[in-house]
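Coordinate inspection notes
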Amino acid sequence: MNDDRLPPVAPEVTATLVENLSPRLRKRLDAAVTKLGARPTHRDGDTVTIQVDDETELRLHAPGGVVATADAITCGCLLAPACVHRAAAACAAPTADPPPDLADRPTGAAPEPASVTDPASVPDCASSPSSQEVASPAQRAAADALWSAGAAVLEAGIDGAGAVTQSALLRAAHTARIRHLPRAAGAALSVVTLLRAARAGDPSYRTADFVTALAELLGTAHRVGTASGAELDAARGRARRPYSPDGSLRLYGLFTEPVVTDSGHGGVRTWVAGTDGRLFTVGDVAPGGVGRAVGVADRAVRLGETALTHRELGRAGLAVSGATVSPDGRLGAGKGVKAVTARGAAWTELPLAALWETPPSEQAARALRSTSRYADPDGGGSDLLFLDVELIGAVRESAGTCLLALSGTGIAVRLTVADDDPALAHRDNLMLLAAAPGTRLRIIGRLVPAPHPRLTLLACAHPTGGGTIDLGLDRLRRADLPDPAAPVHPAPPQPGGPGAHSPLYLLERRVEQTVSAGRAALGMLGDVTAETRRIRRAGLPTAAGLLTALCTSAAQRERDLFGRLLPADTDSFATHWLTAALYTAAVADSLCAAAWEPVREGPAAAPSVPDRGPGRAVAQTAHH
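Below or above, wherever it landed, is the structure these notes cover. Keep in mind the model is a prediction, meaning the values are calculated, not measured.

Rules behind the numbers
Each chain carries its own residue numbering, running from 1 in the direction its sequence is written. Where local features are concerned, this predicted model is filtered to residues with pLDDT of at least 70; where side-chain atom pairs are given and counted, the filter is 80 or more; whole-chain, interface and lining totals use all residues. To obtain the side-chain values, all non-hydrogen atoms of the structure were included, while hydrogens and water were left out. Labels follow the DSSP assignment, with helices taken as runs of H or I lasting at least four residues and strands as runs of E lasting at least two, numbered in each case from the N terminus. In this analysis, two residues are considered to be in contact whenever any of their non-hydrogen atoms come within 4.5 Å of each other. For two strands to pair, DSSP has to find at least two bridges joining them. For helices, the fitted axis covers only the stretch in contact; all axes are lines through C-alpha atoms, and the angles between them, taken along N-to-C directions, range from 0 to 180 degrees. Any angle from 65 to 115 degrees is called roughly perpendicular, while one under 35 is roughly parallel, one over 145 is roughly antiparallel, and all others are oblique. Helix crossings fall into two classes, left-handed where the near helix is turned counterclockwise from the far one by less than a right angle and right-handed where it is turned clockwise. The method works on a 1 Å grid over the protein atoms by themselves. A cavity is a set of points holding a 1.4 Å probe that cannot get out, a pocket is an open set with protein on both sides within 12 Å along at least five of seven lines, and residues with an atom within 4 Å of a point line them. Grid points are joined across faces, edges and corners, and a volume is the space filled by probe spheres set on the points. Just so you know the grouping, Ala, Val, Leu, Ile, Met, Phe, Trp, Tyr, Cys and Pro go in nonpolar, Asp, Glu, Lys and Arg go in charged, and all remaining residues, Gly too, go in polar. A simple rule labels every residue: compare its accessible area, found with a 1.4 Å probe on the protein chains alone, to the largest value its type can have, and call it buried under 20%, exposed over 50%, or partly exposed in between. In summary, the pairing rule links any two rings of Phe, Tyr or Trp, Trp by its six-membered ring, whose centres are within 6.5 Å, and it sorts them by plane angle into stacked for under 30 degrees, edge-to-face for over 60 and tilted for everything else. Here the expected span of a helix is defined as 1.5 Å times the quantity of residues minus one. As used here, the arc belongs to the directions running from the helix axis to the C-beta atoms. Definition of a polar contact: a pair of N or O atoms within 3.5 Å, with one able to donate and the other able to accept a hydrogen when the atoms are protein atoms, and with sequence-neighbouring residues admitted only if both atoms are side-chain atoms. Among the buried residues, those of types Ala, Val, Leu, Ile, Met, Phe, Trp, Tyr and Cys that are joined through side-chain atoms within 4.5 Å form a nonpolar core.

**Describing the overall build of the protein chain**
- When its secondary structure is counted, the protein chain shows 19 helices and 15 strands.
- At a minimum sequence separation of 6, the contacts of the protein chain that also span at least 24 residues come to 68%.

**Considering the sheet that holds strand S4 (residues 73-75)**
- The strand order across the open sheet built from 4 strands is S1-S2-S3-S4, with neighbouring strands paired in antiparallel fashion. The sheet is open, and its two borders are formed by strand S1 (41-44) and S4, each paired with just one other strand. Going across the sheet, the axis of each strand differs from the next one's by a mean of 20°, ignoring polarity.
- Here strand S3 (residues 57-61) pairs with S4 via 3 bridges, running antiparallel. The residue bridging Leu 58 from the neighbouring strand is Cys 75, located in S4.
- Across the sheet, helix H4 (residues 84-92) is in contact with strand S2 (47-51), S3 and S4; its angle to S4 comes to roughly 140°.

**Topic: the packing of helix H8 (residues 207-226) against helix H9 (residues 229-236)**
- Direction vectors running N to C along H8 and H9 enclose 140°, while the axes themselves pass 9 Å from each other. Taken as axis vectors, H8 and H9 run oblique relative to one another. Regarding H8 and H9, the two cross each other, and that crossing is left-handed. Contacts between H8 and H9 involve Thr 220, Arg 223 and Val 224 from the first element and Glu 231, Leu 232, Ala 234 and Ala 235 from the second.

**Remarks on empty space enclosed by the protein**
- Under the definition given, this model contains 1 cavity of 30 Å³ or more.
- As a volume, the largest cavity reaches approximately 40 Å³.
- At 3 residues, the largest contribution of residues to the lining of the largest cavity is made by helix H13 (residues 426-434).
- Residue composition of the lining of the largest cavity, by class: 5 nonpolar, 3 polar and no charged.

**What to know about H9**
- Those residues of H9 not exposed but buried are Gly 229, Leu 232, Ala 234, Ala 235 and Arg 236.
- Considering only its buried residues, H9 is in contact with helix H5 (137-160), helix H7 (182-199) and H8.
- Taken from the residues just after H9, Gly 237 is the one with a positive phi, measuring 85°.

**Description of the packing of aromatic side chains**
- All told, the structure shown has 3 aromatic pairs when counted by the stated rule.
- Summarising the aromatic geometry, the rings of Phe 255 and Trp 271 are spaced 6.3 Å apart at their centres and angled 10° between planes, so their arrangement reads as stacked. In this pair, Phe 255 sits in strand S5 (residues 244-260) while Trp 271 sits in strand S6 (residues 265-274), placing the two residues 16 residues apart along the sequence.
- Overall, the relative accessible area of 0% leaves Phe 255 in the buried class.
- Within the aromatic cluster, the residues linked to one another by ring pairs are Trp 347, Trp 356 and Phe 386.

**Quick word on unusual backbone geometry**
- Going from Ala 80 to Pro 81, the amide bond is cis rather than trans, its omega being 5°.
- Considering the arrangement of structural elements, one finds Pro 81 in the loop between S4 and H4.
- Residue Pro 351 is reached from Leu 350 by a cis peptide bond, and omega for that bond is 5°.
- Turning to its location among the elements, Pro 351 is positioned in the loop between strand S9 (338-342) and helix H12 (360-371).
- Phi is positive for His 180, close to 65°, though the residue is something other than glycine.
- Among the structural elements, His 180 can be located in the loop between helix H6 (163-178) and H7.

**Some words on the pairing of strand S11 (residues 400-407)**
- With 7 of 8 residues buried, S11 is to be regarded as a mostly interior element.
- When strand S10 (residues 384-397) meets S11, the two strands line up antiparallel, connected through 8 bridges. Of the residues in S11, the one forming a bridge with Val 395 is Cys 402.
- When S11 meets strand S12 (residues 412-416), the two strands line up antiparallel, connected through 4 bridges. In the sheet register, Ala 405 faces S12, and the bridge partner there is Val 413.

**Observations concerning H12**
- The end-to-end C-alpha distance of H12 is 16 Å, a good match for the 16 Å that 12 residues give at a rise of 1.5 Å each.
- Within H12, the full set of buried residues consists of Pro 360, Ser 361, Gln 363, Ala 364, Ala 367 and Leu 368. Considered in projection along H12, the buried side chains sweep an arc of 155° and stay on one side of the axis.
- Turning to H12, the residues buried within the fold contact S10, strand S13 (440-447) and helix H18 (570-595).

**With respect to the side chain of Thr 256**
- When you line up the elements, Thr 256 lands in strand S5.
- Within the structure, Thr 256 has its side chain in polar contact with the backbone oxygen of His 310 (distance 2.9 Å).
- Once residues within four sequence positions are removed from consideration, Thr 256 is found in contact with Val 268, Arg 269, Thr 270, His 310, Arg 311, Gly 314, Asp 470 and Leu 473.

**Some details on the nonpolar core**
- Of all hydrophobic cores here, the largest spans 70 residues; its most connected members are Leu 169, Phe 210, Leu 214 and Trp 577.
- The set of elements that each furnish at least two residues to this core consists of H5, H6, H7, H8, H9, helix H14 (505-517), helix H17 (541-555) and H18.
- When near neighbours in sequence (up to four residues on either side) are disregarded, Leu 169 contacts Ala 149, Gly 150, Val 153, Ala 188, Val 191, Val 192, Leu 195 and Leu 217.
- Among the nonpolar cores identified, the runner-up in size contains 34 residues, and Leu 6, Leu 25, Leu 60 and Ala 70 belong to it.

Purely geometric numbers; function is a separate question.
And the structure:
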């Protein structure tokens, strides 16, 4: 049985079924989930049947595609309804997304499909009135429950965080949602999803993503209890992405990119710019995967009366009246929006040409504000960079081959593919461009946070002139490349920067080790003096102190008068871990920003990255 063949189950349903189990059955739950996963399933309309054994069937009723009540899961065994099978089925099924009018989409979830109905026509379901200065007692209690559930995950690690631990997270997420804390509820659901992916050996699972999700959960839960005003509003989050009126807009197409998600969604996103340089997107993403992403590029844009396809809009223009725009730049497509086709502009013409005039360091700093691991979801901003580069050639990396290019400010930039799926043109186009060293190109890429300049390459000017190339959709040919006799840069530079050889990873790996193996594994490390000494020599004393404090907290266990170990202080350890996780993200962002500074000659070539400032700020924020 594959999990994706089961209908999604509402979080509160899973939590209720697990909570109703006897202590004896809870101990058997993880084994029951594994055993159930090997049994055959059959779908008949809205009902999925699992053959538990030769005589027993388990049914999940999902009208509307979601199992919304505990009674919708029935079992034919003699112990039903108090059997372990119902809870095991709920734990094996994917978690249903919260209703769109009650909660934010979790961090990292699939982009929302484009809707013919303008979201601006639906009342904005803000989490709670912004005039409220502090969280209500009910909200603080919900946040405390989320903190405790997240701390329990840290204590147990992925291997120990089975169905019961996940159930506590789901219950806390449900409570947070009905207490109008959609951001924290979404973070909790993301943690559960990643936990299940890790325990199932999903090849797409990344420990760094789990660290980000868990730190987002703990950090947001803490902020709800301590913040006020605008900071509290950000911690609460919004129940619906707000679209606000933006009057009349004159827009110029930039490019179209395919969008393919791990959840099976596919489509495209077309980027356009206004006369003032603001960036907007028009998207069409829905279930369908890479096949849909390729096909939908030639479908008409759902915006006003225009008959342009997405691919055409990326090179044309629009005149829009009654526009509605979300904080992240998505254009609404409601009945009140009117749009007609207008003349576009070349990348070398105003207003588009101005996008390439901003220094790369300023562009990277702006992009970091939206790509940072713990950025405010409603913060807005774009993660795109606009550069003029000279191609150097291919560079081999552990993850594959990328393209090295030199920017006009002397920065060596690594250009990578946005998606390796062979149905898309990214990889083939990048390899062709790598075979044309010395070519000068105007490009658009998405910032990849790293200690060296790095972008995913999305679009470029045609190598021999005459238009632009959507690198995920349009396929270059060898005939499109310039004369191979073009001059080649004599000495390909190696990407570097202040963080190229930073020992920050020594702290990062302990943060990741904790979520993988739990507090006890970190507590058995023993002396970490050698690691902290190396970190201090690199000018990161705060990182060294955080590593020492984290390991000390992991190993600390008090005993009672009879010498018996007392329960570990999970709150204290979670605070130390959260501080370390937020700190490493803050320093990594600083290193990334510094790497984009213009190349300087002499002793000032490597800009310094402050350690104490970010460390102190993060420590104060995370103190619980």
